[in-house]
Each structure stands twice: as structure tokens, then as C-alpha cells.
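Residues per chain, in single letters:
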Amino acid sequence: MTDKLEKIVSLCKRRGFVFPGSEIYGGLSGFYDYGPLGVELMNNVKQSWRHEMLRRQDNIFELDSSIIMQRQVWEASGHTSAGFTDPLCECKKCHRRYRADHLEEEGISKCPNCGGELMEPRKFNLLVETYIGPVKDDSSLTYLRGETTQGIYVNYKNVKTSMSAELPFGIAQIGKAFRNEITPGHFIYRMREFEQMEQQHFVKPEDAERFFDYWKNERMRWYLELGIKKERLKFHSHTKDELAHYAKTAEDIYYQFPFGWHEMEGIHNRGDWDLSRHSEFSGQDLSETDEQTGEKFYPYIIETSAGADRASLAFLCDAYSEDTDNKRVVLKLHPKLAPYKAAVFPLLRNKPNLVNKAREVYLKLKKDREGPIVWDDRGNIGKRYYSQDEIGTPMCVTIDFDTLNDDTVTVRDRDTMEQKRVHISELAALIEKAVK
Ligand code: GAP
């Protein structure tokens, strides 16, 4: 693990963002639990995505489909066959397992653990199996969804008909997905249980290229507007070898993580693969008829597929900074993403009149605006600033002796450390403006 990633992992554990899954039993590789601040961050990421896809864009509908579906869904989608496999190779000596393609990328031909010889790679399916009902046999076998997308295709006609939607239109969904990754790693980058934010845009075939370009740019804009540094983002076009079994063309948005440039989101032109396959396997006709020519066609699908965990990791990595001059660590998260929007403290914790006034301001702010405001009266004021900087709280509000006379407070900015005096009545609007 890189030095920077190690520091982020440690901060995440110490400050309640992310904990290793099943930790008291020794952990479970590829699973993590989000703590109180991690839940806030993830919710902010998901809320921002939802706002972007459903409120700012036109003609997109939200769906929440079930995690477990009929097994045929995964046969139709191609996930049970060679399409959803990774090459697995095992060491003949220590029996550790690796992704053959990852070793190849790094030019490694022997076992990285013991130097032993590696077996020939074999295909390993990533779907996580489960059984439904009391009898555990082949007839009750199905899978936890490997991508949220398939629930959208299965409901294509339901959404179209109930919402009177006409092409082009989109269906968006946020939810958990599961993959039996051979080598989960890089903290929350590659997990076995993770959350996706996917949108499928159904278009006429002749419009597919135009929408592909449109969504590429829109999705990049989202990351930039949430403050990710431009120089740490780039597009990566899939070569023929990299293309998923369903994709005609694909471009990933890459982020420069501390462990290198890696995929954060995929934009795919899935052509007519999905609707034609689900028509064939389900026996339900999911095609459309061209009003002018009367010809039948399957809509093409332009997919934007983001990971909420991966995006959160990128936001954390991008925001993490060490201000050596002031001996502080600052998470310069966009205020929209910051777990707490403001912290309120009394200058001194042993002065009841200051504490009472500070509680009053704190409780009023909690009522006046949505979004978490935090109370902090531990240690001295310097330690409280340090503590809030480290979790990305954009502003700290201090109630001092002047507040008791004139109802003004000190507001300190996380990034510039500048302090200004404002009236209590202005606080809610000030926070609102920062979060916009
Ligand atoms: N529906 C298309 C699809 O699932 P993908 O490229 O396999 O495409 C899309 O995954 C996104 O889901 C990735 O860019 C990533 O953000 C997230 N993702 C995929 N596998 C993941 C994993 N094992 N752990 C965390 N996030 C993952």
C-alpha cells in the first residue's frame, strides 16, 4: 500500500469513515463497513449523483429493483458464461491466487509471495451464488446481482409504459452489487460488495454515438464540479481486448489514485445486446417500432456506470492534504460532500454561560438548515480546529465572550484558516451558500 493510501486508511478508521468488515473476527477480505462519517460522505455522493441525473437531466426515471432476480436474467445478460470471468492463476507452491492479467501488466511471472511457479490461468466466474427457498439444489440456485443494470433492463417496459416515456429516455438506479473478486484490494477500490450508481439511456440506434459523447462529457463534468483536480482525471478508451462482452464502444473515466491511474466510471455503448437478449430469453418482445418506416428495432443503450465507493475513495484521496506549515491534515472536500457542514464550539468548556449560548446556536442551526452540524467542546480550540480540518468540516463557529453582548460569532474557514465575525442570524445562510 502506498504511504498516502495508508494514511487515508488510518484516518478513515480513526475518524469513523470506514472500518474493515467483520473486524472483531479477524476481517473478511473485500468487505468494509461505513462508519458514521462514511455514511454521511457516501450519502452525499449518492445524493449529488441523484440530483445530477434526475433533477438536472431530462426524462430520466429512478428505479430500485431487487438484488436477487431469476437466474435466467444472468444467463441472458451473458454473466454466467465467459463474459463475466477473470483469469485466475494459482501458485503451485503456496497456493495463493492472483489475477493473471494484473501480474502480466506488472511483468510478473513468478508468485509474488514465495517466488514459486504459477499454474496456467483458468477462467473464474465472478457472480456470487445463493440459493432461494428451503432446498439447496440446482433448481434453487441464483445469484446476487453482479451489476445493478440488469434490474433496469428487466423493468424496461414497466417503466416506459407506467411513465409514458418515449425514446430517448433514461432509467437510473443506485444499489449494491456483488462480485467474487479474485484479488480485492486497494482499500475500498476493489471490493466484493460495493455500490453502483448506474444510468441506462435508451436511444434510437442512429442517435447512439451522439448520446455516448454527451454522457462522456456530462459525467466528467460531475467530478470536476465536485472539486476533483483536472490533472488527476482522464478518459481511457477501451481497446478491442478490453471491451466487456456487451459493449460496442467504451470509455472509462480514470482517476490518478495514490496507487496509479485506475478506472472510476465506465461509459458504454451497449448497442442492442441487452434488450435483444432479454427478449430472446424471456419471450417478451422488448423491441420498438419506428413510426415512420414501421420497422422493428431494439433501442441502443448508452450506459453510465459509476461506483459510489470508488468515487468516494477518489474524493478522499483528492481532498487529503498535509499542511506542514500549520502542522495539520486537511480534507479539502467540496462542502457538498463534507460529512459535517459546520462545527459549533464554546471558546471555553468550563464557562456555563458560554456553553449555554453555544448550545443555543448549535440547536438553532440544526433546526434552521438541513445537513449535519456537529457540537465539539473537547480539548482546546486549536485541537478542535485540527480535529474538524481532518474530517473536512468547512467551517467552525466559536462562541466567545463578545457573543454574549452582541450575538456575533467567529467563523473560521477550513482551507484558508481565515476568521471573520458574523451575526448569529447570518450563519444558516452562510452555510447554505458554501454548500451550493
Ligand atoms: N454495468 C456495467 C458495469 O458494471 P463495470 O466497469 O464492471 O461496468 C462499473 O463497473 C463501475 O462499478 C466501475 O467503474 C467501478 O466504479 C464500480 N465497480 C466495479 N467493480 C467494483 C468492485 N469490485 N469494487 C468497487 N467498485 C466496483
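Refer to the preceding data block for the structure.
Everything in this summary refers to the structure shown in the same document.

Once that is clear, we can look at the nonpolar core. Nonpolar side chains tend to gather and get buried jointly when the protein is soluble and globular. Within the largest apolar cluster, 57 residues are counted, with the highest numbers of intra-cluster contacts made by F17, Y223, L313 and F315. For this core, the leading source of residues is helix α9 (residues 308-319), giving eight residues. Discounting chain neighbours no more than four positions away, the residues touching L313 are L5, H186, F187, I188, Y189, F257 and F259. Core analysis: the second largest hydrophobic core is formed by 21 residues, V344, I424, L427 and A428 among them.

Below, the discussion takes up the environment of R369. Relative to the helices and strands, R369 is located in the loop between α10 (352-368) and β20 (373-375). Given a relative accessible area of 5%, R369 falls into the buried group. Sequence separation between R369 and L427 is 58 residues; the distance between their C-alpha atoms is 9.9 Å. Residues in contact with R369, not counting those within four places in the same chain, are K341, A428, I431, E432 and V435.

By the definition in use, this model includes 16 aromatic pairs. Ring geometry for Y189 versus F259: centroids 5.5 Å apart, planes at 75°, classification edge-to-face. Residue Y189 is found in the loop between β9 (169-178) and β10 (193-203), and its partner F259 is found in the loop between β12 (249-257) and β13 (260-271); the two are separated by 70 residues along the sequence. Its relative accessible area of 15% is what places F259 among the buried residues. The interplanar angle of 50° and the centroid separation of 5.6 Å between the aromatic rings of Y362 and W375 together place this pair among those described as tilted. Placement of the pair is Y362 in helix α10 and W375 in strand β20, with a sequence separation of 13 residues. For the residue pair Y362 and W375, the accessibility class agrees, reading buried in each case. Taken together, F61, Y153, Y156, F169 and F202 form an aromatic cluster joined through their ring pairs.

Let us look at the site of the ligand. Lining the immediate environment of the ligand, one finds 22 residues, of which E147, R179, M191, E198 and E263 sit closest. In the environment of the ligand, a nitrogen atom lies 2.6 Å from a nitrogen or oxygen atom belonging to the side chain of E147. Within the contact set of the ligand, a nitrogen atom lies 2.6 Å away from a side-chain nitrogen or oxygen of E198. Relative to its free-state accessible area of 550 Å², the ligand is covered by the protein chains to the extent of 93%. Breaking the shell around the ligand down by element, the ones donating at least two residues are β10, β13 and β16 (300-307). Counting residues per element, the shell around the ligand draws most heavily on β13, which supplies six residues. For the shell around the ligand, the residue count by class is six nonpolar, six polar and 10 charged.

With mixed pairing, the seven strands of this open sheet are ordered in space as β3-β9-β10-β16-β13-β12-β11. The sheet is open, and its two borders are formed by β3 (60-62) and β11 (233-237), each paired with just one other strand. Each adjacent strand pair in this sheet contributes to an overall mean axis angle of 25°, direction not counted. Inspection of the sheet shows β3 paired to β9 by three bridges, in the parallel sense. Along β9, the bridge assignment pairs I60 with G170. Taken strand by strand, helix α2 (residues 36-56) contacts β3, β9, β10 and β16, and its axis lies near 0° from that of β10.

Nonpolar side chains collect at one region of the surface, where L348, F401 and L404 lie side by side and expose about 230 Å² of accessible area between them. Of note, L404 is situated in helix α12 (residues 401-406).

Definitions and limits used
- Throughout, residues of each chain are indexed from 1 in the direction in which the sequence is written.
- Selection of residues for local features in this predicted model requires a pLDDT of at least 70, selection of side-chain atom pairs for listing and counting requires 80 or more, and totals for whole chains, interfaces and linings are taken over all residues.
- As a convention, hydrogens and water are excluded, and side-chain values are obtained from all of the structure's heavy atoms.
- Side-chain atoms within 4.5 Å are what join buried Ala, Val, Leu, Ile, Met, Phe, Trp, Tyr and Cys residues into a set we call a nonpolar core.
- Throughout, exposure labels follow a simple rule: accessible area from a 1.4 Å probe, protein chains only, divided by the maximum for the residue type, with under 20% read as buried, over 50% as exposed, and the rest as partly exposed.
- Comment: elements are numbered from the N terminus, with helices defined as DSSP H or I runs of at least four residues and strands as E runs of at least two.
- Throughout, a residue-residue contact means that at least one pair of heavy atoms, one from each residue, lies within 4.5 Å.
- Note on ring pairs: Phe, Tyr and Trp rings are taken, using the six-membered ring of Trp, and paired if centres are within 6.5 Å. Classes follow the plane angle, with under 30 degrees stacked, over 60 edge-to-face and the rest tilted.
- One heavy atom suffices: a residue is near a molecule or strand as soon as one of its heavy atoms comes within 4 Å of it.
- Each polar contact in these results corresponds to two N or O atoms within 3.5 Å; when the atoms are within protein, one needs to be able to donate a hydrogen and the other to accept it, and residues that are neighboring in sequence are counted only if both atoms are side-chain atoms.
- Note that accessible areas follow from Shrake-Rupley with a 1.4 Å probe, and for residues the cover is restricted to the protein chains shown.
- Residue polarity follows a fixed list, in which Ala, Val, Leu, Ile, Met, Phe, Trp, Tyr, Cys and Pro are nonpolar, Asp, Glu, Lys and Arg are charged, and the others, Gly among them, are polar.
- Any two strands between which DSSP finds at least two bridges are classified as paired.
- Fitted lines through C-alpha atoms give the axes, limited to the stretch in contact for helices. The angle between two N-to-C directions lies from 0 to 180 degrees.
- Like-charged residues are merged into a patch within 9 Å and nonpolar side chains (Val, Leu, Ile, Met, Phe, Trp, Tyr) within 5 Å, provided each residue has over 30% relative accessible area and no salt bridge.
- By definition, a salt bridge exists where a carboxyl oxygen of Asp or Glu is found within 4 Å of a side-chain nitrogen of Lys or Arg.

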